[in-house]
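Each chain is listed here by its residues.
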Amino acid sequence: MSTEPVKLAVVYYSSTGTIATLAKELAETAEKAGAEVRLRKAAELAPQAAIESNPAWAENVRATADVAEATPEDLEWADAVIFGSPTRFGNIASQLKQFIDTLGGLWAQGKLADKVYSGFTSSATAHGGQESTLLALYNSFHHFGGIVAAPGYTDGSKFVDGNPYGTSHVDAQGNNPVDDVSRTAARVQSERVLRIAAALKSGLAA
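Since we're looking at a predicted model, the values are computed, not measured. (Residues numbered from 1 in each chain as written. Predicted model: local features only at pLDDT ≥ 70, side-chain atom pairs only at ≥ 80, totals over all residues. Heavy atoms only, no water.)

Undergrad: What is the right way to look at the side chain of Lys41 in this model?
TA: Residue placement: Lys41 occurs in strand E2 (residues 36-41). This buried residue, Lys41, is left without a salt bridge; Glu69 holds the nearest opposite charge, at 5.7 Å. Reaching out from Lys41, the side chain makes a polar contact with the backbone oxygen of Val67 at a distance of 3.4 Å. Those residues in contact with Lys41 that lie beyond four places of it in its chain are Tyr12, Thr64, Ala65, Val67, Ala68, Glu69 and Ala70. (Helix = DSSP H or I, 4+ residues; strand = E, 2+ residues; numbered from the N terminus. Buried < 20%, exposed > 50% of the residue type's maximum accessible area, 1.4 Å probe, protein only. Lys, Arg positive; Asp, Glu negative; His and termini not counted. Salt bridge = Lys/Arg side-chain N within 4 Å of Asp/Glu carboxyl O. Polar contact = N/O pair within 3.5 Å; in protein donor to acceptor, adjacent residues only side chain to side chain. Contact = heavy atoms within 4.5 Å.)

Below, the structure is given as structure tokens:
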């Protein structure tokens, strides 16, 4: 059995802070469980004028200034990766897609295969494209040759938050801060990803 800790990368894009909050919950849960964790954000593509036009967006940029930007090396390093993005018309944000599109070199070398992947999201309204965003994200994992570890209904709390595809939160344009239901969902998802990644790592090492 491998005794090395699981290496987890939590890679996200967040505009107004909901996804950043969930990413931190996922990362902290994994660290408490003994994983080595890299919390990384996708580079911002929006012009500064757009950011400054939304106080919550500008505040989140300042609040997460110390979070390193994701690089392909973070994925090469990781045993498991959890990606997060707000929903944009039922799909992931362009900032996260831009980062994923830089991974072609690693993909061509087979270095994205046989890792565990999962995803999380948020939207302004109930439903709001959450499931389609996660399923769209998961298409990339299939191309990587990755092992998709969705939370499913593997914990009683999943019948409360109701999303088997991944953690999701409805923020109602900032009027609904991340609550205990969403934090619990994030913890359950993080723990599940680690369990599967640890088992896979041990099996491959055997």
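Next, the rest of the story.
Undergrad: Mind showing me how you'd approach the pattern of salt bridges here?
TA: Pairs can form between side chains of opposite charge whenever their charged atoms are close. All told, the structure shown has 11 salt bridges when counted by the stated rule. In this structure, the salt-bridge partner of Asp101 is Lys97, at a minimum N-O distance of 2.8 Å. A salt bridge links Asp161 to Lys158; the shortest N-O distance between them is 2.9 Å. Of this pair, Asp161 and Lys158 both sit in helix H8 (residues 158-161), separated by three residues, roughly a single helical turn. It is possible to trace a salt-bridge network through shared partners that takes in Arg38, Arg40, Glu73 and Asp74.

Undergrad: How do you make sense of the environment of Ala35 when you look at a structure like this?
TA: Tracing the backbone through its elements, the reader meets Ala35 in the loop between helix H1 (18-32) and E2. The exposure class of Ala35 is buried, given its relative accessible area of 12%. Between the alpha carbons of Ala35 and Glu191 there is a distance of 10 Å; along the sequence they are 156 residues apart. Beyond its immediate sequence surroundings of up to four residues, Ala35 is in contact with Pro5, Val6, Ala30 and Leu194.

Undergrad: Would you explain the packing of aromatic side chains in this entry?
TA: Geometry of an aromatic ring pair is reported as the spacing of the ring centres plus the angle between the planes. Applying the stated criterion across every chain, the model contains six aromatic pairs. Each residue in the set Phe83, Tyr117, Tyr138, Phe141 and Phe144 is aromatic and connected to the rest through ring pairs, giving one cluster. The ring centre of Trp77 lies 4.2 Å from the NZ or CZ of Arg38, which sits over that ring. (Phe/Tyr/Trp six-rings, centres within 6.5 Å; stacked < 30°, edge-to-face > 60°. Lys NZ or Arg CZ within 6 Å of the ring centre and 35° of its normal.)

Undergrad: Would you mind showing me how to read the side chain of Thr87 here?
TA: By the element assignment, Thr87 lies in strand E3 (residues 80-88). In this structure the side chain of Thr87 is engaged in a polar contact, spanning 3.3 Å, whose partner is the backbone nitrogen of Gly90. Polar side-chain contacts of Thr87 include one of 2.5 Å to the side chain of Thr133. Apart from residues no more than four positions distant in its own chain, Thr87 is found in contact with Thr121, Ser122, Ser123, Gly128, Gly129 and Thr133.

Undergrad: Got a minute to help me understand helix H3 (residues 55-63) in this structure?
TA: Given 3.6 residues per helical turn, the α-helix brings residues three or four places apart onto the same face. Listing the buried residues of H3 in full gives Trp57, Ala58 and Asn60. Looking straight down H3, one finds that the buried residues subtend no more than 160° of arc, so they occupy a single side. Exposed side of H3, more than 90 degrees from the buried face: Pro55, Arg62 and Ala63 are the residues found there. Where H3 is buried, its residues touch H1 and helix H2 (48-52). One side-chain oxygen at the N-terminal end of H3 lies 3.0 Å from the backbone nitrogen of Ala56; it belongs to Asn54. (Arc of directions from axis to C-beta.)

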